[in-house]
Amino acid sequence: MHERIKYRLDETLGIQSVLEKPKEKKFGHFALPTFAWAKEWKKNPNQIAQEFASKLKDLSEISSVSVVGGYVNFSLSNQFLEQIAQEFASNIANPKPQKQESILLEYVSANPTGPLHIGHARGAIFGDVLARIGRYLGYPITTEYYINDAGVQIENLGCSIYFAIRQLLFNEANEFPEGCYRGEYIFELAKDALKTLGKEFFKNTSKAQQISTLSLFGKDKMLQEIQSNLAKIGINFDNYVSEKELFVRWENVLEVLKSHQGVYESEGKIWLKSSQYGDEKDRVIVRENGEPTYLAGDIIYHQDKFLRSFTKYINIWGADHHGYIARVKAAIEFLGFESQNLEVLLSQMVSLLKGGQSYKMSKRAGNFILMKDVIDEVGADALRLVFLSKKADTHLEFDIEVLNKQDSSNPVYYIHYAHARIHTLFSKSCYDFESVKEVSLEGLSEILRDLLVLALSLPKVLEDAFIQRAPQKVVEYLRLLSSEFHHFYNEQKILNTKEEAQILRVLLIVAKSLECGLGLLGVRAKTSM
């Protein structure tokens, strides 16, 4: 609808228009500001608006035109809405034609050293919904999880399990060394390792061999749990890429960096010249002992990404990685690629409350709220909609007891209830979905026409949400559409009226928008409550 009307305006007026929503409903469905041409054409904006209005008033797509303070306000005609509604009903569930721009989207990528917490969950849901909307709009998107399975954190995991086994098997009350992981999940892994590997393994092998074996064992078990937790909220990845497997390329990658004058040696270390590309200082990539740093792994991984020749690369990181962006982009430049093709999106942490008090931390993981615990308590649908209710790079605080309320304060209930209410109306009517599809929209009342225009706005909302990387716009839209429907439902008699069929045709479009929008958020719309 938006594209169609914009094309007609541009064709008629010979401009590239920008359409806005009027500040008040009474002004119409769209507003065309004229200020951009005032300086160029040396005319008063109101004069330009009057000239535009005179050219638009005869278009079949437009029913009324008015000029207010340099804006051309107009409403869409029933004839135009009839055409758009037919196309919408037939095509809204179908993905759009494939675009040329291919995208590699990496998100979550949590270290496989512990269970996923709610901070991971927010980035996971953000990435998943971005992929869903992008694919619907026709973008070929590949999703990827980067497994940080090399380096000291994996050794620390093995060490943690080792000391837990010493306590379980030999009653040794040793303190866990600095850097080890704590929480009940470590003892769960220790019991599992004892059962799998057998007690004799821990009596007859060296400490070093035990820790090495436990590191791999623990990493594999935690990765399985991470995948299981993500599947609970409907998230699966196309690719899993292992840092450890990529590290065999390090010497070759280092030579590429040297060939592009991207590194130098000082103090027995090898440094990346990241300050040349906006980083606050250069960064060590090889320590004095010859061991590559954490950054080295990311450099190898990003070379691997860019060698796969996607058009665009999107990383979703935790907000604490903000300072890491410049050094990674510098490395990309020194590898011979264009860092502008990497887009980094940040996801802020979440504070959950329960009855106004801080949500209880998990004994299993220590000082974290586990994603699994919250899913078990509120469900995957609620978790998705709540975590998508605000822009990802802003702090989110939410009381989960709100999700038990059956009113407009509960976004999950409010949207589901709108969709279910429409289905209930159809179940009580003599009309069904098929029989109202051909009902004329001629003579549509103003309130119904406004509701229909809002329902037909979903494609534009989805496009804006993806381009701006702002899936919260879809949640905001669904809440607004639900609110407008609930208002209409409470104010108007629907069944057993002469307008029943026409009303139900409009409500069918509303239901389709709610269903499609929820589906792209990873939520199945309910038909009954």
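Residues numbered from 1 in each chain as written. Predicted model: local features only at pLDDT ≥ 70, side-chain atom pairs only at ≥ 80, totals over all residues. Heavy atoms only, no water.

Caption draft 1: View of the overall build of the protein chain. For the protein chain, the helix and strand inventory stands at 21 helices and 14 strands. Expressed along its principal axes, the backbone C-alpha trace of the protein chain runs to roughly 85 × 55 × 40 Å. A burial count over the protein chain gives 53% of its 529 residues as buried. Taking as baseline every contact in the protein chain between residues at least 6 positions apart, the subset at least 24 positions apart corresponds to 71%. Carbon and sulfur atoms make up 47% of the accessible area of the protein chain, which totals about 24700 Å². For the protein chain, the centre of its 63 positive side-chain charges and the centre of its 67 negative side-chain charges are spaced 2 Å apart. (Helix = DSSP H or I, 4+ residues; strand = E, 2+ residues; numbered from the N terminus. Buried < 20%, exposed > 50% of the residue type's maximum accessible area, 1.4 Å probe, protein only. Contact = heavy atoms within 4.5 Å. Areas by Shrake-Rupley, 256 points an atom, 1.4 Å probe, with all protein chains shown as cover. Lys, Arg positive; Asp, Glu negative; His and termini not counted. Charge placed at Lys NZ, Arg CZ, Asp CG, Glu CD.)

Caption draft 2: Broad picture of the sheet that holds strand 7 (residues 263-266). Read across the sheet, three strands follow the order 7-8-9 without closing on themselves; strand pairing throughout is antiparallel. The two strands at the open ends of the sheet, each matched to only one other strand, are strand 7 and strand 9 (283-286). Taken pair by pair, the neighbouring strands of this sheet meet at an average axis angle of 45 degrees, ignoring direction. Pairing geometry for strand 8 (residues 269-272) and strand 9, over three bridges, is antiparallel. Bridge pairing links Leu-272 to Arg-283 in strand 9. Across the sheet, helix 11 (residues 250-259) is in contact with strand 7, strand 8 and strand 9; its angle to strand 9 comes to roughly 135 degrees. (Pairing = 2+ DSSP bridges. Axes fitted to C-alpha atoms, helices over the stretch in contact; angles between N-to-C directions.)

Caption draft 3: View of the pattern of salt bridges. Counted according to the given criterion, the structure contains 32 salt bridges. With its nearest N and O atoms 3.9 Å apart, the salt bridge here joins Lys-219 to Asp-149. Of this pair, Lys-219 sits in helix 9 (residues 207-232) while Asp-149 sits in the loop between strand 5 (141-147) and helix 6 (152-170), and the two are 70 residues apart along the sequence. The same class applies to Lys-219 as to Asp-149, namely buried. Within this structure, Glu-144, Arg-249, Asp-304 and Arg-308 form a network of salt bridges that share partners. (Salt bridge = Lys/Arg side-chain N within 4 Å of Asp/Glu carboxyl O.)

Caption draft 4: Spotlight on unusual backbone geometry. With a phi close to 55 degrees, Lys-42 is a non-glycine residue in the positive phi region. Looking at the element boundaries, Lys-42 is found in the loop between helix 2 (35-41) and helix 3 (45-56). The exposure class of Lys-42 is exposed, given its relative accessible area of 77%. Even without a glycine there, the phi angle at Gln-261 is positive, about 55 degrees. Along the chain, Gln-261 turns up in the loop between helix 11 and strand 7.

Caption draft 5: Main features of the packing of aromatic side chains. For the structure on display, the rule yields 25 aromatic pairs. Ring plane angle 35 degrees and centroid distance 5.4 Å describe the contact between Tyr-145 and Tyr-240, whose orientation is recorded as tilted. Of this pair, Tyr-145 sits in strand 5 while Tyr-240 sits in strand 6 (residues 239-242), and the two are 95 residues apart along the sequence. Tyr-145 sits in the buried class, given a relative accessible area of 0%. An angle of 70 degrees between the planes, with centres 5.9 Å apart, marks the rings of Trp-317 and Tyr-324 as edge-to-face. Residues Trp-317 and Tyr-324 agree in their burial class; the two are buried. Three or more aromatic residues joined by ring pairs make a cluster, and in this case those are Tyr-107, Tyr-145, Phe-237 and Tyr-240. We note Lys-21 situated over the ring of Phe-30; from NZ or CZ to the ring centre the distance is 5.2 Å. A cation over an aromatic ring shows up here: Arg-469 above the ring of Phe-466, its NZ or CZ 4.8 Å from the ring centre. (Phe/Tyr/Trp six-rings, centres within 6.5 Å; stacked < 30°, edge-to-face > 60°. Lys NZ or Arg CZ within 6 Å of the ring centre and 35° of its normal.)

Geometry only, nothing functional implied.
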